[in-house]
Amino acid sequence: MREVIQCLIDWLNSEPSDEKGHRILRALAQESLKKADFDESKRRFTAEEIVAAVGDSIGSTDPKKWIDWPGFLKKYCETREGQIIEFARKRGLPHYPKPERKSTKGGPGKLTTFYIKAERVPEVMEDDSAIDKDWVDNSIAAELKANYQMTELGEVQPSWIVRWLFRNGQIELRRWHVWVVLGWLLTIGGLAVLIAYGGWLSLSAPRSVTTRDLTLLISVFVIPYGAWVTVIKPWILLFDDRIVLAHELFIKIHVQSAQFELLRDGDLRVVRLVRYSAACPICGATVYLEKGEPDYRRRLVGRCYESPREHVFSFDRITRCGRLLVDR
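Computed from a predicted model, the values in this text were never measured in an experiment.

Participant: Hey, could you go over the overall build of the protein for me, with residue numbers and the actual values?
Facilitator: Regarding its fold elements, the protein presents eight helices and 14 strands. The 328 residues of the protein split such that 39% are buried. For the protein, the proportion of contacts with a sequence separation of at least 24, taken over those separated by at least 6, is 57%.

Structure follows, in structure tokens:
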């Protein structure tokens with residue numbers, strides 16, 4: 001049982017987050033690990049005990065309502081169960097950790113408790129979802145799902161430009177690092193604006209137009225736009241959307257597209273270089289994440305390597321599932 005509980009802790013460490021559900025699971029796992037050698041009845045914890053282990057001040061809110069098993073925590077665990085199963089399978093464990101609730105009818109001494117159960121890892125079944133048809137009907141399309149897998153940390157090799165930054169496939173940014181990055185972005189943006197403003201002032205003097213003036217006029221617009229597109233915008237999108245495509249300059253040549261993914265855990269920000277892919281449920285080829293434009297603006301979508309315009313799937317980085325996107 002100790003290995004099963006430790007598996008959950010290690011999975012939580014591999015997916016850092018400051019979400020309430022993540023903190024609850026960590027507290028439950030750490031408290032369970034302390035009693036891993038005891039019987040299951042001794043490894044059950046009340047909502048009050050879990051909240052105390054989390055260390056959050058919830059004021060006058062009832063701990064049971066704060067945890068909210070039926071409305072929040074149960075769904076949070078279910079959407080991540082597939083990832084935990086795969087994590088346990090890669091470790092060669094016969095069982096995986098599954099958080100559960102032991103409810104009671106109430107009464108003196110009868111309290112609802114939470115515990116971690118060792119559930120049998122399901123056998124890997126042959127994927128029979130591939131369809132040998134030249135077309136997919138809309139009614140069938142709703143049932144087609146792409147199940148994304150993420151590469152191991154360090155598997156996606158960065159280019160030599162950023163290799164020194166990505167140790168073990170990720171960068172750990174503390175709060176002061178984030179402020180340094182923001183200051184750096186503001187400095188670059190400010191310099192670009194100053195250069196453009198200086199060029200505009202030099203052009204405002206009345207004189208004959210020369211080739212030099214035309215070049216300067218173009219640079220007035222090109223320099224700020226280039227700074228925005230290549231440096232500032234990717235960082236803003238990463239902090240807003242949590243995941244963006246990695247520029248070709250940051251990954252090795254002749255490899256498939258990769259992504260920068262941002263995870264938050266308190267003051268810590270982790271930027272990982274990863275690649276999500278899935279087997280196409282229509283033709284069996286590999287689905288890679290690409291930009292969704294022009295049809296799906298500001299979204300990453302899964303595009304089949306063999307049919308990137310027809311076999312297009314949505315992407316959810318939490319459930320790691322996607323449905324077929326059909327033009328209406």
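Next, the rest of the story.
Participant: Before we move on, could you go through the packing of helix α2 (residues 20-34) against helix α3 (residues 47-54) and cite the residues and values that matter?
Facilitator: Closest axis-to-axis distance for the α2/α3 pair is 9 Å, and the angle between their directions is 100°. Relative to α3, the element α2 lies roughly perpendicular. Between α2 and α3, the residues in contact are Arg23, Ile24, Ala27, Leu28 and Glu31 and Ile50, Ala53 and Val54, respectively. Of the residues that constitute the contact of α2 with α3, the class distribution is six nonpolar, no polar and two charged.

Participant: Give me the lowdown on the packing of aromatic side chains, citing residues and values where you can.
Facilitator: Going through the model one piece at a time under the given rule, you end up with five aromatic pairs. Centre to centre, the rings of Tyr288 and Tyr305 are 6.3 Å apart; their planes meet at 80°, and the pair counts as edge-to-face. Taken together, the residues Tyr288 in strand β11 (residues 286-291) and Tyr305 in the loop between β12 (300-304) and β13 (312-313) connect sequence positions 17 residues apart. With relative accessibility at 53%, the residue Tyr305 sits in the exposed group. Put simply, the rings of Tyr148, Tyr276 and Phe315 pair up and form one aromatic cluster. Taking NZ or CZ as reference, Lys20 lies 4.6 Å from the ring centre of Phe72, over its face.

Participant: If you had to explain the sheet that holds strand β7 (residues 243-245) to someone new, which residues and values would you point to?
Facilitator: Spatial strand order, β6-β9-β8-β7: four strands in an open sheet with antiparallel pairing. Each having just a single partner strand, β6 (170-173) and β7 make up the two edges of the open sheet. Averaged over all pairs of adjacent strands, the angle between strand axes in this sheet comes to 15°, irrespective of strand direction. Relative to strand β8 (residues 259-265), β7 runs antiparallel, the two being bridged by three bridges. If you follow Ile243 over to β8, its bridge partner there is Glu261.

Participant: Residue-level account of helix α5 (residues 69-90), with values.
Facilitator: Residue Arg80 marks the point of greatest curvature in α5, where the axis turns by about 45°. Those residues of α5 not exposed but buried are Trp69, Leu73, Tyr76, Cys77, Thr79, Arg80, Glu81, Gln83, Ile84, Ile85 and Ala88. Within two residues after α5, Gly92 carries a phi angle of roughly 75°, on the positive side.

Participant: Explain the sheet that holds strand β1 (residues 45-46) to me, using residue names and the numbers behind them.
Facilitator: Within the open sheet, the three strands sit side by side as β1-β3-β2. Their pairing is antiparallel. Among the strands making up the open sheet, the edge pair consists of β1 and β2 (95-102). In this structure, β1 lies alongside strand β3 (residues 113-120), joined through two bridges in antiparallel fashion. Bridge assignment links Thr46 to a residue of β3, and that residue is Thr113. Strand contacts of helix α1 (residues 2-14): β2 and β3, with the helix running at about 90° to β2, the strand carrying the most contacts. Its contacts with the sheet put α2 on β1, β2 and β3, and the angle it makes with β3 is roughly 80°.

Scoring rules and cut-offs
- Residues numbered from 1 in each chain as written.
- Predicted model: local features only at pLDDT ≥ 70, side-chain atom pairs only at ≥ 80, totals over all residues.
- Heavy atoms only, no water.
- Helix = DSSP H or I, 4+ residues; strand = E, 2+ residues; numbered from the N terminus.
- Buried < 20%, exposed > 50% of the residue type's maximum accessible area, 1.4 Å probe, protein only.
- Contact = heavy atoms within 4.5 Å.
- Axes fitted to C-alpha atoms, helices over the stretch in contact; angles between N-to-C directions.
- Parallel < 35°, antiparallel > 145°, perpendicular 65-115°, else oblique.
- Nonpolar A, V, L, I, M, F, W, Y, C, P; charged D, E, K, R; others polar.
- Phe/Tyr/Trp six-rings, centres within 6.5 Å; stacked < 30°, edge-to-face > 60°.
- Lys NZ or Arg CZ within 6 Å of the ring centre and 35° of its normal.
- Pairing = 2+ DSSP bridges.
- Bend = angle between axes of the 7 residues up to and from the residue.

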